[in-house]
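Next come the chains, spelled out residue by residue.
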Amino acid sequence: MSEAIRMAMWSGPRNISTAMMRAWGNRRDTAVVDEPFYAYYLRASGKEHPGADEVIATGEIDWRKVVAQLTGPIPSGKRIFFQKHMTHQLLPEVDQQWLVAMTNCFLIRDPREVITSYL
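Residues numbered from 1 in each chain as written. Predicted model: local features only at pLDDT ≥ 70, side-chain atom pairs only at ≥ 80, totals over all residues. Heavy atoms only, no water.

Undergrad: Explain unusual backbone geometry to me, using residue names and the numbers behind them.
TA: Positive phi is not limited to glycine here, since Glu-35 has a value of about 50°. Accessibility expressed as a relative area gives 16% for Glu-35, which makes it buried. (Buried < 20%, exposed > 50% of the residue type's maximum accessible area, 1.4 Å probe, protein only.)

The structure is reproduced here in structure tokens:
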């Protein structure tokens, strides 16, 4: 088996990141995680968001544990670990040294298309 690949895809809202994550999730060799810092972000920031209590209750609220999961063994013994991240959820207090172990990709969409997508 060739070397493991850890792909961290960084996006903002309305950038078709969910479609990209689902495409990667259809691969047999790929494990996928969706916004692993979300529960931590909601708890630490105090942002009001629909369903925040449920996200916090079911997600990991310790950023150190999130980082350990992202850099530890790839789930289900897969070769590729696709991680969908939202840039605003990576708060300043999160140590960013773990990012060097990732292949970091940035999903950028024309702002006009983002604004239009809200219609």
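More follows now that the structure is in view.
Undergrad: Would you mind going over the sheet that holds strand β3 (residues 80–86) in detail, with residue names and values included?
TA: Spatial strand order, β2-β3-β1-β4: four strands in an open sheet with parallel pairing. Each edge of the sheet is formed by a strand with only one pairing partner; in this case those strands are β2 (30–34) and β4 (103–106). Strand-to-strand twist across the sheet, computed as the mean angle between neighbouring axes with direction ignored, equals 20°. Strand direction decides the pairing type here: strand β1 (residues 5–11) and β3, joined by seven bridges, are parallel. Paired with Met-7 across the two strands is Phe-82, which belongs to β3. In this fold helix α4 (residues 63–71) packs onto β1, β2 and β3, with an angle of close to 145° to the strand it touches most, β3. (Pairing = 2+ DSSP bridges. Helix = DSSP H or I, 4+ residues; strand = E, 2+ residues; numbered from the N terminus. Axes fitted to C-alpha atoms, helices over the stretch in contact; angles between N-to-C directions. Contact = heavy atoms within 4.5 Å.)

Undergrad: Mind laying out helix α1 (residues 17–25), listing which residues take part and the relevant values?
TA: Buried residues of α1: Ser-17, Met-21 and Trp-24, and no others. Looking straight down α1, one finds its buried side chains confined to an arc of 65°; they lie on one side. Opposite its buried face, α1 presents the exposed residues Ala-19 and Arg-22, each directed more than 90 degrees away. Against β1, β2 and β3 lie the buried residues of α1. (Arc of directions from axis to C-beta.)

Undergrad: Break down the nonpolar core for me, citing the residues and quoting the values.
TA: Formed by 21 residues in total, the largest nonpolar core has its most connected members in Phe-37, Leu-90, Val-94 and Trp-98. Every element with two or more residues in this core is listed here: β1, α2 (38–45) and α4. With sequence-adjacent residues up to four places away left out, Leu-90 is seen in contact with Trp-10, Phe-37, Gln-96, Trp-98 and Leu-99. Among the nonpolar cores identified, the runner-up in size contains seven residues, and Met-9, Trp-24, Ile-80 and Leu-107 belong to it. (Core = buried A, V, L, I, M, F, W, Y, C linked by side-chain atoms within 4.5 Å.)

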